Each structure stands twice: as C-alpha cells, then as structure tokens.
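Understanding the architecture of this molecule
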Amino acid sequence: MKIKCPKCKENAELAPDFSFVKCGSCDLDMSYGEYIKFVAHNEATYSDILGDYAGSTEGQTAGSLDEWD
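The model shown is predicted, which means the values in this text are computed figures rather than measured ones.

**Some words on the pairing of strand 2 (residues 11-14)**
Only one face of strand 2 is buried, namely the one carrying A12 and L14, since none of N11 and E13 on the opposite face is buried. Examined bridge by bridge, strand 1 (residues 2-4) and strand 2 share 3 bridges and lie antiparallel to one another. Note that in strand 2 the partner of K2 across the bridge is E13. Two successive antiparallel strands, strand 1 and strand 2, enclose a turn made up of 6 residues, where K9 displays a positive phi of approximately 70°.

See the structure below:
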C-alpha cells in the first residue's frame, strides 16, 4: 500500500502485514509502529492521535508529546 513518507513527502510503501514502511526516495526504513510515532511527534495535525490511547484525562492537562515516550 502506498502512504506518504514522513521525511520527504514522496510515496512510501507500507507492507501488506503492516510490518514496515520503506521509501525509495530517501531510504526511509522503519517499522509501522516507529512510523506512527514519528508522524505523531512531527506533524501537528496528527499529534492528538496519542491522546486516543490514554486512559481518562478528565481533570488533567494535555502535557507535551515528550511525556508520551
């Protein structure tokens, strides 16, 4: 499957079993989990994705992405 490379913004290849992401343009090669983390940390429009995996955040502030590592 084709997805957008988070480094060079060209087409990258996502393995059918979601095991890796590779880009021929910039030689990106990482696991899908690393790809998701990279995108969430580097693209503001996706940074709120991490909040979907937290427990209840009632009464808490959002914090920073560094706190999710």
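**Considerations on the packing of aromatic side chains**
All chains considered together, the criterion is met by 2 aromatic pairs. With a centroid separation of 6.0 Å and an interplanar angle of 20°, the aromatic rings of Y32 and Y35 are classed as stacked. Here Y35 and Y32 lie together in helix 1 (residues 32-42), a separation of 3 residues that amounts to about one turn. You can call Y32 partly exposed: its relative accessible area is 27%. Aromatic rings pair up to connect F18, Y32 and Y35 into one cluster. One cation-aromatic arrangement involves K22 over F20; the distance from NZ or CZ to the ring centre is 4.9 Å.

**Notes on the nonpolar core**
With 10 residues, the main nonpolar core is built from I3, C5, A12, L14, V21, C23, L28, M30, Y35 and V39. Secondary-structure elements contributing two or more residues to this core are strand 2 and helix 1. If we skip the residues at most four places from it in the chain, C23 touches C5, C8, N11, A12 and L28.

**Things to note about the environment of P6**
Relative to the helices and strands, P6 is located in the loop between strand 1 and strand 2. Once the C-alpha coordinates of P6 and C23 are considered, the two residues, 17 residues apart in sequence, prove to be 9.5 Å apart. Each residue touching P6, except ones within four places of it in the same chain, is listed here: L28, Y35, F38, V39 and E43.

Rules and cut-offs
- Counting restarts for each chain: residues are numbered from 1 in the order of the written sequence.
- In view of the model being predicted, local features appear only for residues whose pLDDT reaches at least 70, and side-chain atom pairs are presented and counted only at 80 or more, with totals across whole chains, interfaces and linings using the full set of residues.
- To get the side-chain values, all heavy atoms of the structure are used, and hydrogens and water are removed first.
- To sort residues, take the accessible area from a 1.4 Å probe on protein chains only and compare it with the maximum for the residue type: under 20% means buried, over 50% means exposed, and anything in between is partly exposed.
- Under the DSSP-based scheme used, a helix requires at least four consecutive residues in state H or I and a strand at least two consecutive residues in state E, with every element numbered from the N terminus.
- By the convention used here, strands pair only if DSSP detects at least 2 bridges between them.
- Note on aromatic contacts: the rings of Phe and Tyr and the six-membered ring of Trp form a pair at centre separations within 6.5 Å, being stacked when their planes are under 30 degrees apart, edge-to-face when over 60 apart, and tilted otherwise.
- Think of it as a cone above the ring: NZ of Lys or CZ of Arg counts as a charge over the ring if it is within 6 Å of the ring centre and within 35 degrees of the ring normal.
- Each nonpolar core is a collection of buried residues, namely Ala, Val, Leu, Ile, Met, Phe, Trp, Tyr and Cys, held together in the definition by side-chain atoms within 4.5 Å.
- Residues count as neighbours in contact if any of their non-hydrogen atoms are within 4.5 Å of one another.

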